[in-house]
Amino acid sequence: MSRLPKLLSVRAAAPGLLDIVWSDGEHRRVDVSELLRRHHLLEALNDPDLFRRVAIDEFGSGVAWPNGADFCADALRLRGDAQLSDYEKATA
């Protein structure tokens, strides 16, 4: 299985929402709020101040927060693709 492109940039657009750019030029707004609600290990990220401190990991293969929480780039890309609206999919 080939890996998806690396991350170029990430920023917290709002609590639970990440704006991400991959090395292949694709942009996605990825909603992770459901994951933050469902997994107790991630619930600290519901703090808007902590959530805003998201950064790309050292190798561009994921995002991480100072408390050690993280998501891999592949999972974020797949989640972002699944969240695209029908309109966005038709015009992509």
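The structure displayed is predicted, hence computed values, not measured ones.

### What about the overall build of the protein chain?
Across its full length, the protein chain holds 4 helices and 6 strands. In the protein chain, the succession of helices and strands from N to C terminus is β-β-β-α-α-β-β-β-α-α. Counting the 92 residues in the protein chain, one finds 35% classified as buried. Within the structure as shown, the protein chain displays about 5,800 Å² of accessible surface, and the carbon and sulfur contribution to it stands at 53%.

### Side note on the pairing of strand S1 (residues 7–14)
Examined bridge by bridge, S1 and strand S2 (residues 17–22) share 6 bridges and lie antiparallel to one another. What sits directly across from arginine 11, in S2, is aspartate 19. Where S1 folds back on S2, the antiparallel hairpin that results is connected by 2 residues, among which glycine 16 adopts a positive phi of roughly 85°.

### Some details on the pattern of salt bridges
Applying the stated criterion to the full structure yields 9 salt bridges. With a closest N to O distance of 2.7 Å, arginine 29 and aspartate 19 form a salt bridge. Here aspartate 19 lies in strand S2 and arginine 29 lies in strand S3 (residues 27–31), a separation of 10 residues in the sequence. For arginine 29, a relative accessible area of 47% puts it in the partly exposed group. Salt-bridge contacts for arginine 28 lead to glutamate 26; the nearest nitrogen and oxygen are separated by 2.8 Å. When its relative accessible area of 31% is taken as the criterion, glutamate 26 is described as partly exposed.

### Let's talk about the sheet that holds S2
The strand order across the open sheet built from 3 strands is S1-S2-S3, with neighbouring strands paired in antiparallel fashion. Of all strands in the sheet, those bounded by a partner on one side alone are S1 and S3. Strand-to-strand twist in this sheet, taken as the mean axis angle between neighbours without regard to direction, amounts to 25°. Contacts between helix H3 (residues 73–83) and the sheet are confined to S1, S2 and S3, with S3 contributing the most and set at about 90° to the helix.

### Some points on H3
Because each turn of an α-helix spans 3.6 residues, side chains separated by three or four positions end up pointing in the same direction. Among all positions in H3, only Ala73, Asp74, Leu76, Arg77 and Gly80 are buried. An end-on view of H3 places all buried positions within 165° of arc, on one side of the element. Facing away from the buried side of H3, by more than 90 degrees, are the exposed residues Leu78 and Ala82.

### Describing the packing of aromatic side chains
This model, assessed by the stated rule, comprises 2 aromatic pairs. Ring plane angle 85° and centroid distance 5.9 Å describe the contact between tryptophan 65 and phenylalanine 71, whose orientation is recorded as edge-to-face. The same class applies to tryptophan 65 and to phenylalanine 71, which are both buried. Three or more aromatic residues link up through ring pairs in this structure, and these residues are Phe51, Trp65 and Phe71.

Conventions we followed
Residues numbered from 1 in each chain as written. Predicted model: local features only at pLDDT ≥ 70, side-chain atom pairs only at ≥ 80, totals over all residues. Heavy atoms only, no water. Helix = DSSP H or I, 4+ residues; strand = E, 2+ residues; numbered from the N terminus. Buried < 20%, exposed > 50% of the residue type's maximum accessible area, 1.4 Å probe, protein only. Areas by Shrake-Rupley, 256 points an atom, 1.4 Å probe, with all protein chains shown as cover. Pairing = 2+ DSSP bridges. Salt bridge = Lys/Arg side-chain N within 4 Å of Asp/Glu carboxyl O. Axes fitted to C-alpha atoms, helices over the stretch in contact; angles between N-to-C directions. Contact = heavy atoms within 4.5 Å. Arc of directions from axis to C-beta. Phe/Tyr/Trp six-rings, centres within 6.5 Å; stacked < 30°, edge-to-face > 60°.

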